[in-house]
There are 6 protein chains.
Amino acid sequence: MLKGPFLSKNFIGSIENFDESKIVMLGMPMDSTVSNRPGSRFAPQSIRLESIGIETYSPTFEKDMEDTLFYDAGDLDLPFGNPKRQLDIIKENVDFIYKKGKKVLGIGGEHLVTYGEIEAVCDKFENLAVIQFDAHTDLRDEYLGESLTHSGVMKKIADIIGFENIAQIGIRSGEKREFDMMKKYNTLLKKPEELNRFKDKNIFLTIDLDVLDSSLMRGTGTPEAGGFTYNELLLWLYELRNFNIIGADIVELAPDIDPGKVSTAAACTLIREVLMLL
Amino acid sequence: MLKGPFLSKNFIGSIENFDESKIVMLGMPMDSTVSNRPGSRFAPQSIRLESIGIETYSPTFEKDMEDTLFYDAGDLDLPFGNPKRQLDIIKENVDFIYKKGKKVLGIGGEHLVTYGEIEAVCDKFENLAVIQFDAHTDLRDEYLGESLTHSGVMKKIADIIGFENIAQIGIRSGEKREFDMMKKYNTLLKKPEELNRFKDKNIFLTIDLDVLDSSLMRGTGTPEAGGFTYNELLLWLYELRNFNIIGADIVELAPDIDPGKVSTAAACTLIREVLMLL
Amino acid sequence: MLKGPFLSKNFIGSIENFDESKIVMLGMPMDSTVSNRPGSRFAPQSIRLESIGIETYSPTFEKDMEDTLFYDAGDLDLPFGNPKRQLDIIKENVDFIYKKGKKVLGIGGEHLVTYGEIEAVCDKFENLAVIQFDAHTDLRDEYLGESLTHSGVMKKIADIIGFENIAQIGIRSGEKREFDMMKKYNTLLKKPEELNRFKDKNIFLTIDLDVLDSSLMRGTGTPEAGGFTYNELLLWLYELRNFNIIGADIVELAPDIDPGKVSTAAACTLIREVLMLL
Amino acid sequence: MLKGPFLSKNFIGSIENFDESKIVMLGMPMDSTVSNRPGSRFAPQSIRLESIGIETYSPTFEKDMEDTLFYDAGDLDLPFGNPKRQLDIIKENVDFIYKKGKKVLGIGGEHLVTYGEIEAVCDKFENLAVIQFDAHTDLRDEYLGESLTHSGVMKKIADIIGFENIAQIGIRSGEKREFDMMKKYNTLLKKPEELNRFKDKNIFLTIDLDVLDSSLMRGTGTPEAGGFTYNELLLWLYELRNFNIIGADIVELAPDIDPGKVSTAAACTLIREVLMLL
Amino acid sequence: MLKGPFLSKNFIGSIENFDESKIVMLGMPMDSTVSNRPGSRFAPQSIRLESIGIETYSPTFEKDMEDTLFYDAGDLDLPFGNPKRQLDIIKENVDFIYKKGKKVLGIGGEHLVTYGEIEAVCDKFENLAVIQFDAHTDLRDEYLGESLTHSGVMKKIADIIGFENIAQIGIRSGEKREFDMMKKYNTLLKKPEELNRFKDKNIFLTIDLDVLDSSLMRGTGTPEAGGFTYNELLLWLYELRNFNIIGADIVELAPDIDPGKVSTAAACTLIREVLMLL
Amino acid sequence: MLKGPFLSKNFIGSIENFDESKIVMLGMPMDSTVSNRPGSRFAPQSIRLESIGIETYSPTFEKDMEDTLFYDAGDLDLPFGNPKRQLDIIKENVDFIYKKGKKVLGIGGEHLVTYGEIEAVCDKFENLAVIQFDAHTDLRDEYLGESLTHSGVMKKIADIIGFENIAQIGIRSGEKREFDMMKKYNTLLKKPEELNRFKDKNIFLTIDLDVLDSSLMRGTGTPEAGGFTYNELLLWLYELRNFNIIGADIVELAPDIDPGKVSTAAACTLIREVLMLL
């Protein structure tokens, strides 16, 4: 073959081989149910390209991505216009990953992809909990009559695993009914220490990037001011360093909204830190 | 009430009253089946705002928009994630417009909205023909298994009114199978004079803005180089000045892709010219 | 009429009727005296469109916008090139609002609009004070020989109501003479508690959005680093929750400078919170 | 002094000395009466910077800019908010240039600057004519009650030199009354040959860049589709190569609207060609 | 392995295997000697992603990309800051491709990459000629004292193969000395028919995308108005359909300058047409 | 000469005369060794233009720029493609400045310019130390085999002045080897008080703008989340107010990546504060 040297087509630090990997990074460019700005379909590709600009070493965790044995599997090709079929394809592939004894790191796509992932893992782990970082409650029953909507993903997950297995962090937007629901079920956490009650659970971590303040995270469909700084989010993640994280996803990056790709760059270093947790 | 003066919230030149209108401009922000860049959902709102920058007088047709008695009805609120329901809402509203003896000027949204409109008008007019300006053939049977797709809208319309009632203009992109179909049914027109065979028909005019060269029309999901200049498109429209146009739409503007809103401004003057034809 | 459902053309949560309203949101797209980047003329329209992406519920005040009975009156049509006439039109309309027993929520446009508003309200309220959130002192006598300038709006207001009735918050840019003036009259507040001395006043609240750090508020003519985070600004506003706010405005958003409209989105949620104070 | 080499701070090809120059390039960043997108105030600075990317040699005229002896005088500092005073400053400086026996090449700013220039030159040349390249008629009497408006600049000039001394080229937008006026006075030229009737005049050339098709000229306040290609405009200018051009301006570039600065680059090469005519 | 379906990471239509290919697409992200806007280093990656939006079928040549047996080899990893070493890496890899009996389709990067390619092929083909589409002559001896510069690439190639083996098309910018050189050696072609004198040569085709008018090709370091429309360029290429093209490259796309990626999309369809010629 | 008034072509507050100055601001648009996003070559020009929007008075230091007697010398014209020669030109000019008894304020360009500056000053000052604000360690020995690289500039400086004379602040990205080196030599400072050990040194201050959080500093080649806020950086600088600063530079602004020029505006006020320290 050609001599090269060549730039990798994968996320930086990915190993070349699925079989030897412990974590599978899987692009899920679903982008069908957002009512505000679309564009999360381009997130996995954009993240992959931008990853060339980051280092593989994490000063926070004092570890290198190359030690995590992750494999970048590329992006699913999803049929737009049919959310149900898109979720089925996601579920099927995630299912396969766990059957092979690996963990998934999903790259959205819109937040509804988490529902497909949870459908795949919910019967594989006892004591499953979902920890959600997000600006929005995502607890709606429906939106304009549709129950499959990114603004209702946590409600659908709660229907599977129960509200007692859900932690919500960074929430600052929602309907009154949704905030009432959070109070009723006490799902909203205010301080990293409160995570302790999930210590014995098998945790799926879902990070909607709009949990970050919109000054940093401009490249997302519904940016919200008043969110976490990057370092505040890191503190929460650091708290999870000895938890049993069985899978994770990072969703709702809409890279083209942010011309300088700063949001994408932040997503890349965040992915590095999440890999350290898996 | 307040003294003002106030800026209008409608498209420039709109009359204030639905009942007195002859033409109803209706925003159809459907944006569900595009696989490439989304964003046509924001087109009607963007067009309305930019219209303040154009003149109501058309030097081409030497007429003023204010003489056309059109009414800007605003934008439908469509449930994302369910193309079928979106089309039904479009159909229902267009149906009502024709029952009131008025014509529709649809503002997309993606090209699939035309299917909803044709479903509404096809039983109201004999001898119905559809004249399509477009860069793409839009003759696919399905895309990743979905038959409701903007790249198949003309195929679905042909299934209703027959290929002999379809004219395709400006096409420069498609699969080999699609180009073969155009040849078989002789739907592709090369010169404005060829329009004459549709002179006796009741014509629904559908303009996918990507028929324009991508140097001008940057704000669309799938821009294609090699298209018409604006003046070339005007020549085609001018040829239609004595035809019986019973309805029209202008689709696939994705305004935010084009930061300076030049595509939107061009869409606005084009809407003015189409109003002259209706 | 048409069946719909339709998207509203007003700011989210607006009631349909002027007469039943208690607060009138009025767009004042004045944009004539800025020497740096213009563009605030497009703010009210942009805010109206973006408002669709926010929730009507405020978790901070635990109230819903829909309970505030506000009416979005649309945007004044102002003659560019003549600042004096623009201010007169603003004054006249604001005058009418207060004569009808309602309060104004002005949406700039440039900061000079506040002068027009204060001219309208200054003879209707005893004990009037103006609380200004801003990066700039706005205390110039003139700019290149012109006394009507957005960088001198607070000086002109002080000439009417006296410096003792002015509070300035967030100021971090100005000439030495202006900072000396702030010291002399002790107008600069450093901590929310200092607001207490205005507790018995009738307060007009004016928020120049550049008080926010330029990392968040990029869409403004003269962005300044070193400003408040969104949450810091919220803390100040929360302190005002039991004050007697008789009117307010939010000015100097220049939406097109910020391609992703994040500044506009932040302005929208801020408007929601200010509505809670009125 | 420092050794360098240094980049020039002037437009490429400018000589270093006012006194030895034959042509004075003068920035006129007036930007006060446009109702649509502002931003032409930044044009002269932007043009100066971008000029580094063009060549000084014109293949069209087979001459080099360096032979034209032009001097880039920099940009006037104009008081925003007072159009009258801005025009007076322009008039005064242009007056001085002609008294020194030189010609002006004005760089707008908005089109109203031409009025200031013509006020300065109208009593210095007999037989003065103005040749206008523009998308818009600019023949309004007033706009929202203001007579000093960029959309009425040619009407004000016609009031001075008479309609018989005005040629309008490229016009494609205006009110019916304005088009009627053009017909009445026969000011609209369709072919370069028609310029011959101005051959014996002293010609001031004014180019509103929106005469170019909006596919190329995106960076202008009111871009219009259907205009000249760059080469078509060059043909018109080439026709003028043996005319007596006594001054010129190039106006209405709004550089920041066009992120890639392509409009600015085109303005730079156009300035080179106009220098060849002076 | 995972079930998928997956999106390809290669240029659309690429086969999976180097050995079976006849044409090798090779990314050469060199971006070191441009003095104006840089950014061509991101072109190959951007082209690869955008290619998903085009069709593999060419209506011009009535052939499908999938029949050309091309293989997308990915992008070379080049050491910035050292043009000489970058060219050596390019030469080495291109050399290998031809030794395997395949042709190269180089994707720049800046125009200097062509020099590396020609160094590799010049001793493999007798009767070698280079046909250059470009806005700029690229005939400089040096730029600020550096002889390795993108504005001198054709001069360096002429030094190898002689001016009689060079055709230059679309040139509209250069120094007087360069235009004199073109005249002296008669390298500038005006009409497609003039290509006939190269019919018996082994032709390497190099397309600097700025040959296209800057209205379409905004995403390039030195955009020039007055260039070819896309269809005009196609006509030239069509003329070459029976020539012996032994290699080609497409250079100087700077994708991030053009936010909507219209330039990149045009480059993708152009690549498709060039593949038909190889 | 012309009457004016004119806008200055220099950075705001610059005196007109090199000889009377104490500080020389020198543009160093080197942009050759960055592997990620280029564009810092445009920083000095962009900073100069944007400076018109800031005040000359610093509320932090309660001084005015006009009292610092600085002279804006303009930008060096550097030969792209040859880093060695570019550094020599920088060195030569900085050398001259210090021989005239003045201090330099370098405006990058990429971070490698600091190496050229230190080469010029290292033999003029005893007890020289370099204080670096940066997101990246910049301690690499080479990058793809090149030792002249912006990611190794501090290593090359350490080779001259020793690691004991280096302070690194804000670092959050680098290879494991680089972080180990920082630990070994204890170069990383965490709190402003730790600066005290440099109190007796002659300090050259180098600020890579990416030390600021990427929410604010989007306009840089390798933006990093998790950095200082603007006010945090001001605190560090304020700590240095009684130190002996003998020169400084501000590097790695890439202005065009940030469409609204907010990064450039922040760089301008930062330059004002650094001038107060010199």
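See above for the structure.
Numbering of residues starts from 1 in each chain and follows the order in which that chain's sequence is written. Here the convention is simple: chains get letters from A, ligands get numbers from 1, in the order in which they are written. The predicted nature of this model means local features are confined to residues of pLDDT at least 70 and side-chain atom pairs, given and counted, to a pLDDT of 80 or more, with totals for whole chains, interfaces and linings taken over all residues. Computation of side-chain values covers all heavy atoms of the structure but excludes hydrogens and water.

**Some details on the interface of chain F and chain A**
The contact definition used throughout considers only heavy atoms, calling two residues in contact when any of these lie within 4.5 Å. Listed per partner, the contact involves 21 residues of chain F and 20 residues of chain A. Two parts placed together each lose some accessible area under a 1.4 Å probe, and adding up what both lose gives the buried area. With both chains or domains summed, chain F and chain A bury close to 1600 Å², and 53% of this area falls on carbon and sulfur atoms. By the criterion of area lost to chain A, the three top residues of chain F are R37, R218 and A225 of chain F, representing 29% of everything that side buries. A pair is scored as a salt bridge if a Lys or Arg side-chain nitrogen falls within 4 Å of a carboxyl oxygen belonging to Asp or Glu. Linking chain F to chain A there are four salt bridges. Polar contact criterion, stated in full: a pair of N or O atoms within 3.5 Å, where within protein one must be able to donate a hydrogen and the other to accept it, and residues adjacent in sequence count only if both atoms are side-chain atoms. Counting across the chain F and chain A interface gives six residue pairs in polar contact (both at pLDDT 80 or more). Looking at the side of chain F that touches chain A, its residues break down into five nonpolar, seven polar and nine charged. Each residue is assigned to one of three groups, with Ala, Val, Leu, Ile, Met, Phe, Trp, Tyr, Cys and Pro labelled nonpolar, Asp, Glu, Lys and Arg labelled charged, and all others, Gly among them, labelled polar.

**Focus: the relation of the copies chain F and chain A**
The superposition of copies rests on a least-squares fit of C-alpha positions from residues with pLDDT of 70 or more in both. The two copies are related by a screw motion: chain F maps onto chain A through a turn of 120 degrees and a shift of 0.0 Å along the axis, at an RMSD of 0.0 Å. Seen this way, the second copy is the image of the first under a three-fold rotation axis. Of the C-alpha atoms belonging to chain F, the one lying closest to the rotation axis is found on S215 of chain F, 3.0 Å away. An asymmetric contact is evident, with only 14% of the interface residues of chain F recurring at the interface of chain A.

**A closer look at the interface of chain C and chain B**
With 28 residues of chain C at the interface, the matching set in chain B holds 28 residues. Across the chain C to chain B interface the summed buried area is about 2600 Å²; carbon plus sulfur atoms make up 64%. Our enumeration of links across chain C and chain B arrives at two salt bridges. Residue E92 of chain C is joined to K3 of chain B by a salt bridge in which the shortest nitrogen-to-oxygen separation is 2.7 Å. Inspection of the chain C/chain B interface yields 14 residue pairs in polar contact (both at pLDDT 80 or more). Sorting the residues of the side of chain C that touches chain B by element identifies β1 (23-28), α1 (43-50), β4 (70-75) and α2 (83-99) of chain C as the ones contributing at least two each. Here the side of chain C that touches chain B is composed, by residue class, of 16 nonpolar, five polar and seven charged. Strands are runs of DSSP state E lasting at least two residues, helices are runs of H or I lasting at least four, and both sets are numbered from the N terminus onward.

**Brief notes about the sheet that holds strand β10 (residues 244-251) of chain F**
Residues and elements named next belong to chain F. When DSSP locates at least two bridges between a pair of strands, those strands are taken to pair. In space, the eight strands of this open sheet follow the order β4-β1-β5-β10-β9-β6-β7-β8, with parallel pairing throughout. Of all the strands in the sheet, the pair left with one neighbour each is β4 (70-75) and β8 (188-189). Note: strand β9 (residues 202-208) against β10, seven bridges, orientation parallel. Bridge pairing in β10 places N202 opposite N244. Running at roughly 155 degrees to β10, helix α3 (residues 113-121) makes contact with β1 (23-28), β5 (103-108), β6 (128-133), β9 and β10 of the sheet. Where helices are involved, their axes are fitted lines through C-alpha atoms of the stretch in contact, as for all axes, and angles between N-to-C directions lie from 0 to 180°. Strands in contact with helix α6 (residues 230-239) are β6, β7 (166-169), β8 and β9; relative to β6, the strand with the most contacts, it is inclined by about 165 degrees.

**Details of the pairing of strand β7 (residues 166-169) of chain E**
Residue and element names in this part refer to chain E. Exposed residues in this analysis have more than 50% of their type's maximum accessible area, buried residues have under 20%, and partly exposed residues fall in between, with area computed by a 1.4 Å probe over protein chains only. Burial along β7 is two-sided: the face carrying I166 and Q168 and the face carrying A167 and I169 are both buried. Look down the strands so they point away from you; if the path from the first strand over the helix to the second goes clockwise, the crossover is right-handed. Of the crossover connections in this fold, the one passing from strand β6 (residues 128-133) over helix α4 (residues 153-161) to the parallel β7 is right-handed. Relative to strand β8 (residues 188-189), β7 runs parallel, the two being bridged by two bridges. Bridge assignment links Q168 to a residue of β8, and that residue is L188. After leaving β7, the chain enters helix α5 (residues 176-185) and then returns to the sheet as β8, a path that is right-handed.

**Some words on the relation of the copies chain C and chain B**
Superposition record for chain C on chain B: RMSD 0.0 Å, screw rotation 180 degrees, translation along axis 0.0 Å. With respect to symmetry, the two chain copies, as superposed, fit the operation of a two-fold axis. When the interface residues of chain C are mapped onto chain B, 100% of them again fall at the interface, so both copies present the same face.

**Overview of the sheet that holds strand β7 (residues 166-169) of chain A**
Residues and elements named next belong to chain A. Read across the sheet, eight strands follow the order β4-β1-β5-β10-β9-β6-β7-β8 without closing on themselves; strand pairing throughout is parallel. Strands with a single pairing partner mark the edges of an open sheet, and in this sheet they are β4 (70-75) and β8 (188-189). Sheet topology places strand β5 (residues 103-108) next to strand β10 (residues 244-251); three bridges connect them, and they run parallel. Bridging across to β10, L105 finds its partner in A248.

**Structural notes on the packing of helix α6 (residues 230-239) of chain D against helix α7 (residues 262-277) of chain D**
The angle between the axes and the distance between the axes are what describe a pair of packed helices. Residues and elements named next belong to chain D. Two numbers describe how α6 lies on α7: the axes approach to 11 Å, and their chain directions differ by 10 degrees. The orientation of α6 with respect to α7, classified from their angle, is roughly parallel. Residues Y230, L233, L234 and L237 of α6 pack against A266, T269, L270, E273, V274 and L277 of α7. Residues of the contact of α6 with α7, tallied by class, amount to eight nonpolar, one polar and one charged. Any angle from 65 to 115 degrees is called roughly perpendicular, while one under 35 is roughly parallel, one over 145 is roughly antiparallel, and all others are oblique.

**A word on the arrangement of the chains**
A gap remains between chain C and chain E, with no contact made and the closest C-alpha atoms lying 11 Å from each other. Across the gap from chain B to chain F, with no contact made, the nearest C-alpha atoms are 11 Å apart.

**A closer look at helix α1 (residues 43-50) of chain D**
Along an α-helix, a turn takes 3.6 residues, which lines up residues three or four apart on a common side. For α1 of chain D, a buried count of seven out of eight residues is recorded, marking the element as mostly surrounded by other parts of the structure. A43, P44, Q45, S46, I47, R48 and E50 of chain D are the residues of α1 of chain D that are buried. In this fold, the buried residues of α1 of chain D make contact with β1 (23-28), β4 (70-75), β5 (103-108) and α7 of chain D together with α1 (43-50) of chain F.

**Structural notes on the packing of aromatic side chains**
Aromatic pairs are defined between Phe, Tyr and Trp rings, using the six-membered ring for Trp, whenever the two ring centres lie within 6.5 Å; interplanar angles under 30 degrees are classed as stacked, those over 60 as edge-to-face, and all others as tilted. Under the definition given, this model contains 54 aromatic pairs over all chains. For the ring pair F228 of chain D and W236 of chain D, a centre distance of 6.1 Å and an interplane angle of 20 degrees mean the geometry is stacked. For the pair F228 of chain D and W236 of chain D, one class covers both residues: buried. Counting every residue linked through ring pairs, the aromatic cluster contains F18, Y71 and F96 of chain A. Note that R37 of chain B overlies the ring of F42 of chain A, its terminal NZ or CZ placed 5.7 Å from the centroid. Think of it as a cone above the ring: NZ of Lys or CZ of Arg counts as a charge over the ring if it is within 6 Å of the ring centre and within 35 degrees of the ring normal.

**Structural notes on helix α5 (residues 176-185) of chain C**
Among all positions of α5 of chain C, only E178, F179, M181 and M182 of chain C are buried. Each buried residue of α5 of chain C lies within a common arc of 155 degrees when the element is viewed along its axis, so the set occupies one face. With respect to the buried face of α5 of chain C, the exposed residues turned more than 90 degrees away are K183 and K184 of chain C. Looking at the buried side of α5 of chain C, the elements it contacts are α4 (153-161), β7 (166-169) and β8 (188-189) of chain C together with β2 (57-58) of chain F. At the C-terminal side of α5 of chain C, N186 of chain C shows a positive phi close to 55 degrees. The directions considered for the arc run from the helix axis to the C-beta atoms.

**A word on the pairing of strand β10 (residues 245-251) of chain B**
All names here are of chain B. Buried residues dominate β10, accounting for seven of its seven residues. In this structure, strand β5 (residues 103-108) lies alongside β10, joined through three bridges in parallel fashion. Bridging from a neighbouring strand, G106 pairs with D249 of β10. As paired strands, strand β9 (residues 202-208) and β10 are joined by six bridges and run parallel to one another. Of the residues in β10, the one forming a bridge with I203 is I245. Taking the sense of rotation as the criterion, the β-α-β connection linking β9, helix α6 (residues 230-239) and β10 turns out right-handed.

These figures capture arrangement, not role.
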